[in-house]
Amino acid sequence: TEGVAVPELAEMLAVSETEIIKNLFINRGIQANITQTLELETARLVAEDLGVQVETPEEKSAATKTEMLDTEDLDHLQFRPPVITIMGHVDHGKTSLLDSIRKTKVAAGEAGGITQRTGAYHVDVEHEGETRQVVFLDTPGHEAFTSMRARGAKVTDIAVLVVAADDGVQPQTQEAISHAKAAGVPIVVAINKMDKEGAQPDRVKQELTEHELVPEEWGGNTPMVGVSAITGENLDELLEMIILVAELEELSANPDRLAKGTVIEANLDRARGPVATLLVQNGTLHVGDVIVAGPCFGKIRAMIDDRGQKVEAASPSFAVEILGLGEVPRAGDEFAVYADEKQARAIASERTAEMRSSRLQRAASSRRVTLSNVS
Ligand code: GDP
Ligand code: MG
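Residues numbered from 1 in each chain as written. Chains lettered and ligands numbered in written order. Predicted model: local features only at pLDDT ≥ 70, side-chain atom pairs only at ≥ 80, totals over all residues. Heavy atoms only, no water.

Undergrad: Lay out the overall build of the protein chain in plain terms, naming residues and giving numbers.
TA: Of the regular secondary structure elements, the protein chain holds eleven helices and 19 strands. Counting every position in the protein chain, which comprises 375 residues, the buried fraction comes to 46%. Sequence separation of at least 24 residues holds for 70% of the intrachain contacts in the protein chain that already meet a minimum separation of 6. Here the protein chain has roughly 18,700 Å² of accessible surface; of this, 49% comes from carbon and sulfur atoms. (Helix = DSSP H or I, 4+ residues; strand = E, 2+ residues; numbered from the N terminus. Buried < 20%, exposed > 50% of the residue type's maximum accessible area, 1.4 Å probe, protein only. Contact = heavy atoms within 4.5 Å. Areas by Shrake-Rupley, 256 points an atom, 1.4 Å probe, with all protein chains shown as cover.)

Below, the structure written as C-alpha cells:
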C-alpha cells in the first residue's frame, strides 16, 4: 500500500520529525516512530493540521501541466526539449550513464564516485536528420525530485529509471517508480550493466512488471532498453526512446517572453556570492534581467552553462548557473523575471516577510503543543 515515511513528510512540510510525531500523538492518539510509514490519508490530515493544503497526484499534475504557461503564451508556443531525471538504486549506474551519454568524465572526478550536486546537462541527439536537444538533471538520490515536487515544482518531463541487469529491482528502484507515478511522469527504463556476466535483463523485466511497468514486447507500454554505461552499448537507442516519448508529451513553451522557471540548486560560493542553477521553463532568460527567486531579489550579472561557458541567454528547458542574487534561494523555489525593478524588489521583500512570519507562527504553535503535552 502507498504511504509516506515520517522523515519524508517532515521534509515536505519543512517541519521536524518530532513535530509530526507529536501531532500524531496529540491530535490523533497515534503513537508513531520515526521509521513508520503513514497512510496517505493520515499524512494529509497531519499536513492540514500544520496549515499545508494537500493535493492528490491527479490534482497536482492537472495543475502543473499548464502552470508555467499563461493564456497570452498560446499564440507563441514552440517545441521545447524534454527535461529528464535519472533515477534508480545506488550504484546501478546513474552517474556513469549520464557521464557516458555526455562522453565526459564526471563520475571519475567525483569524490568517492558519489553524485555531489544536482547538475543539469544538455545533450544533442540526432533524430531523423535533425539535431534535437535533451536536458538531463543529475539528482543525488531522489532528494531533488521529491523535495522539489513536494514544494509544488514540476521540473521533470520524463524519468529514466536505471536498473542494473545483475541486481534487479531494489528498494530505491521501487521508490523511484512510486515518485514518478505520483508525479504523473512517464518512465523509460534503462537496464544497465548489460556487459556484465551476471546480466539477466528478462529477470529485471519480470520484476518490473510486478510494479506495473510492462515492456512493450510483452504488450505493455513502458519502453525498456538494455544498455551499458561502460561499453556505450545501446545508448543511442535509449536517447531515441526519450525523444519518442517526448514527442508524445507535446512539450512547448513561449520563448518570446520574460523567463520563469524553477531553482534546481543554489549555494553560497565564497568568491562569487550566491550561485543558483535555474531551469528556464517558459520565456528566455538574459544577462541583465531583474529576477525574483523565491524570496530573493537579484539582477543577473553572469550566466554559465553546463560546460562552464558564459552565455548571454537561456531558452526554455535550458538550465544555467546565474550570479547576481542577493541571497541564496532554495531548490524548488520558483523564479520569475520582472520588467519593473521596483516591483520585483517589493515582491521579494514581501515574500521574505511572509516567510519570517510563518516561521514564527510555526515555532509558536509547536511551543503550544509542547506545553499541552507537559500539562
Ligand atoms: P550511481 O550510484 O547510480 O550513480 O552509480 P555509478 O554511476 O556511480 O556506478 C556505480 C558502479 O557501477 C561504478 O563502479 C561504475 O563503474 C559501475 N558501472 C556503472 N555502469 C556500468 C555498466 O554499464 N557496466 C559495468 N560493468 N559497470 C558499471
Ligand atoms: Mg551517482
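Undergrad: Explain a negative patch on the surface to me, using residue names and the numbers behind them.
TA: On the surface, a cluster of negative charge is contributed by Asp195, Glu233, Asp236 and Glu237. Looking at the element boundaries, Glu237 is found in helix 10 (residues 235-249). (Patch = residues over 30% accessible without salt bridge, like charges linked within 9 Å, V, L, I, M, F, W, Y side chains within 5 Å. Salt bridge = Lys/Arg side-chain N within 4 Å of Asp/Glu carboxyl O. Lys, Arg positive; Asp, Glu negative; His and termini not counted. Charge placed at Lys NZ, Arg CZ, Asp CG, Glu CD.)

Undergrad: Residue-level account of helix 9 (residues 201-209), with values.
TA: Those residues of helix 9 lying buried are Val204, Lys205, Glu207 and Leu208. The buried residues of helix 9 occupy an angular sector of 160° when projected down its axis, which confines them to one face. If you follow the buried residues of helix 9, they end up packed against strand 7 (158-164), helix 8 (171-182), strand 8 (187-192) and strand 9 (224-226). (Arc of directions from axis to C-beta.)

Undergrad: Tell me about the sheet that holds strand 6 (residues 130-138), and name the residues and values.
TA: One open sheet holds the six strands; their spatial order is 5-6-4-7-8-9, and the pairing between them is mixed. A strand with exactly one partner marks an edge of an open sheet, and here the two such strands are strand 5 (119-127) and strand 9. Ignoring strand direction, the axes of neighbouring strands in this sheet form an average angle of 30°. Bridge count between strand 8 and strand 9: three bridges; the pairing is parallel. When the bridges of strand 9 are listed, Ala190 appears paired with Val225. (Pairing = 2+ DSSP bridges. Axes fitted to C-alpha atoms, helices over the stretch in contact; angles between N-to-C directions.)

Undergrad: Requested: an account of the pairing of strand 12 (residues 273-282), with residues and values cited.
TA: Of all the ten residues making up strand 12, ten are buried; the element is thus mostly covered by neighbouring parts of the structure. Strand direction decides the pairing type here: strand 11 (residues 260-269) and strand 12, joined by nine bridges, are antiparallel. Residue pairing in the sheet places Val263 in a bridge with Leu278 of strand 12. Linking strand 11 to strand 12, which pair antiparallel, is a turn of three residues. Pairing geometry for strand 12 and strand 18 (residues 319-325), over five bridges, is antiparallel. Bridge pairing links Leu278 to Val320 in strand 18.

Undergrad: An account of the pattern of salt bridges is requested, with residue identities and associated values reported.
TA: Enumeration over the complete set of coordinates arrives at 16 salt bridges. With a shortest N-O distance of 2.9 Å, Arg80 and Asp157 are connected by a salt bridge. Linking Arg80 in the loop between strand 3 (78-79) and strand 4 (83-88) with Asp157 in the loop between helix 7 (143-150) and strand 7, this pair joins segments that are 77 residues apart in sequence. Residue Arg80 is classed as buried on the basis of its relative accessible area of 13%. Between Glu207 and Arg203 there is a salt bridge, with the nearest N and O atoms lying 3.2 Å from each other. Of this pair, Glu207 and Arg203 both sit in helix 9, four residues apart, roughly one helical turn. What makes Arg203 partly exposed here is its relative accessible area of 39%.

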